[in-house]
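Structural overview for review
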Amino acid sequence: WVDLRAPALYRLDPGSGDTRRWPMPALIGAVALARDGKLMLALATGLFLFDPGTAAMTPYLAPEPIELGNRLNEAKCDRQGRLWVGSRRGLQRRRDDGAFEPIASDPEDPASLANGLVERLFEDSRGRLWIGTQEGVSLYDQGLWGSFGEQDGLPSPRVVAITEVEGALWFGTE
């Protein structure tokens, strides 16, 4: 788990009950599983590959310029192995060539990202990616986009949590 304010990363071994703590150099926005037991950390200062065995942090890439007031909020690897990174200024997807592709937000286009301030990323049991933003939730499904907001039944536009229970999606709003 993450202590955002410390900032620190923690791991609990359920078998032994032991807890391990790693101090971090910047605020942690997200943790995503990587290969070989490593973790991809989205810190306020960029993406880092973290090895819990050695505590080594390797700068991976800043998917966008880290500006004053911006930070990486969320990261998720989908079933195809693509890394998605959300920030206070947008969403980016890592392409096969290693470059990051920005995903545009157009409030007038329901077939685009709902808003540039990404709060949450969630992949459902069907492999669809749901993106919680400040202005609703967006869906990415096999190259097609859709967005949903208060006009579609959300009680509030800011989507801060997404989960799935027995095939039903649940959205937490603020």
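The structure under discussion appears in the preceding block.
Residues numbered from 1 in each chain as written. Predicted model: local features only at pLDDT ≥ 70, side-chain atom pairs only at ≥ 80, totals over all residues. Heavy atoms only, no water.

**A closer look at the sheet that holds strand β3 (residues 19-23)**
The line we're drawing: One requirement defines pairing of two strands: DSSP has to find at least two bridges between them. Strands here are runs of E lasting at least two residues and helices are runs of H or I lasting at least four, both read from the DSSP assignment and numbered beginning at the N terminus.
Strand order in this open sheet of three strands is β1-β2-β3, and the pairing throughout is antiparallel. Each edge of the open sheet is held by one strand with a lone partner, namely β1 (2-3) and β3. Here β1 runs beside strand β2 (residues 8-12); their pairing, made up of two bridges, is antiparallel. Residue Asp-3 lies in a different strand from β2, and its bridge partner there is Ala-8.

**Overview of the sheet that holds strand β8 (residues 72-77)**
For clarity, the cut-off: In this analysis, axes come from line fits to C-alpha atoms, helices being fitted only over the stretch in contact, and the angle between any two N-to-C directions falls in the range 0 to 180 degrees.
Pairing within the open sheet is antiparallel, and its four strands lie in the order β8-β9-β10-β11. Single-partner strands in this sheet number two, and they are β8 and β11 (100-103). In this sheet, neighbouring strand axes are inclined to one another by 20° on average, regardless of whether the strands run parallel or antiparallel. As paired elements, strand β9 (residues 83-87) and strand β10 (residues 90-94) share four bridges and run antiparallel to each other. Bridging from a neighbouring strand, Trp-84 pairs with Arg-93 of β10.

**Examining the side chain of Glu-119**
What counts, and what does not: For this analysis, a polar contact is any N or O atom pair within 3.5 Å, provided that within protein one partner can donate a hydrogen and the other can accept it, and provided that sequence-adjacent residues contribute only side-chain to side-chain pairs. Two residues form a contact once any of their heavy atoms are found within 4.5 Å.
Inspection of the secondary structure puts Glu-119 in strand β12 (residues 118-123). There is a polar contact of 2.6 Å between the side chain of Glu-119 and the side chain of Gln-134. When sequence neighbours within four positions are dropped, the list of residues in contact with Glu-119 reads Glu-74, Gly-132, Thr-133, Gln-134, Arg-158, Val-159 and Val-160.

**Let's talk about the pattern of salt bridges**
Applicable threshold: Each reported salt bridge corresponds to a side-chain nitrogen of Lys or Arg within 4 Å of a carboxyl oxygen of Asp or Glu. Exposure classes here rest on a 1.4 Å probe applied to the protein chains alone. A residue is buried below 20% of its type maximum, exposed above 50%, and partly exposed in between.
A full pass over the atoms with the stated rule returns eight salt bridges. Note that Arg-120 is salt-bridged to Glu-74, the shortest N-O span being 3.0 Å. Highlighted residues: Arg-120 in strand β12 and Glu-74 in strand β8, separated in sequence by 46 residues. Residue Arg-120 is classed as partly exposed on the basis of its relative accessible area, which comes to 28%. Residue classification places Glu-74 among the buried residues on the basis of a relative accessible area of 8%. With its nearest N and O atoms 2.9 Å apart, the salt bridge here joins Arg-95 to Asp-97.

**Description of the side chain of Ser-112**
Relative to the assigned elements, Ser-112 resides in the loop between β11 and β12. At a separation of 3.0 Å, a polar atom in the side chain of Ser-112 contacts the main-chain carbonyl oxygen of Asp-106. For Ser-112, the contacting residues outside a window of four places in its chain are Ala-104, Ser-105, Asp-106, Ser-138, Trp-145, Gly-146 and Ser-147.

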